Amino acid sequence: TLKPYRFNFKTAPSETVDGFFAHEVTAVPEAVTGTKDAMRDGEIDPQSLDQSKLVPLLTAALQEAITKIETLETKVAALESA
């Protein structure tokens, strides 16, 4: 459910970064702090995202994908040798 984006922060419009929108990160809610569209003293009080908390989820997904790829490679090799 993680959707990566390439964007520029309003505070650094010339610097393009890759990341996630905090309010869209529902897979790991403990990684998000703050409230969407919150205001403080007439200014936007942005949410923040601790991307390090996404690493275990992404690592597990990558391991699962590698296992599936290896299984499919084994099946293809068996079919090609038949």
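Data block above holds the structure.
1. Details of the overall build of the chain
Part 1 of the reasoning: Check the secondary structure of the chain and you find 1 helix and 6 strands.
Part 2 of the reasoning: Secondary structure elements in the chain, listed N-terminal to C-terminal, are β-β-β-β-β-β-α.
Part 3 of the reasoning: In terms of overall size, the chain is more extended than a compact globule, its C-alpha atoms giving a radius of gyration of 19 Å where 82 residues would be expected to give roughly 12 Å.
Part 4 of the reasoning: Taking the principal axes of the C-alpha coordinates as reference, the chain spans close to 70 × 30 × 15 Å.
Part 5 of the reasoning: Relative to its 82 residues, the chain shows a buried fraction of 16%.
Part 6 of the reasoning: Across the chain, the 8 positively charged side chains and the 13 negatively charged ones have centroids separated by 4 Å.

2. A closer look at the packing of aromatic side chains
Part 1 of the reasoning: A complete count under the given rule lists 3 aromatic pairs for this structure.
Part 2 of the reasoning: A ring pair is formed by F7 and F21, whose centres lie 5.6 Å apart and whose planes are at 55 degrees; its orientation type is tilted. Here F7, found in strand β1 (residues 5-9), pairs with F21, found in the loop between β2 (12-19) and β3 (32-33); they are 14 residues apart in sequence, far enough to count as distant.
Part 3 of the reasoning: The buried category is assigned to F7, whose relative accessible area is 16%.

3. Structural notes on the pairing of β2
Taken residue by residue, a regular strand's side chains alternate between the two faces of the sheet.
Part 1 of the reasoning: Pairing between β1 and β2: 5 bridges, direction antiparallel. Looking at the pairing, F9 lines up with A12 of β2.

What counts and what doesn't
Residues numbered from 1 in each chain as written. Predicted model: local features only at pLDDT ≥ 70, side-chain atom pairs only at ≥ 80, totals over all residues. Heavy atoms only, no water. Helix = DSSP H or I, 4+ residues; strand = E, 2+ residues; numbered from the N terminus. Rg over C-alpha atoms; globule rule 2.2 N^0.38 Å. Buried < 20%, exposed > 50% of the residue type's maximum accessible area, 1.4 Å probe, protein only. Lys, Arg positive; Asp, Glu negative; His and termini not counted. Charge placed at Lys NZ, Arg CZ, Asp CG, Glu CD. Phe/Tyr/Trp six-rings, centres within 6.5 Å; stacked < 30°, edge-to-face > 60°. Pairing = 2+ DSSP bridges.

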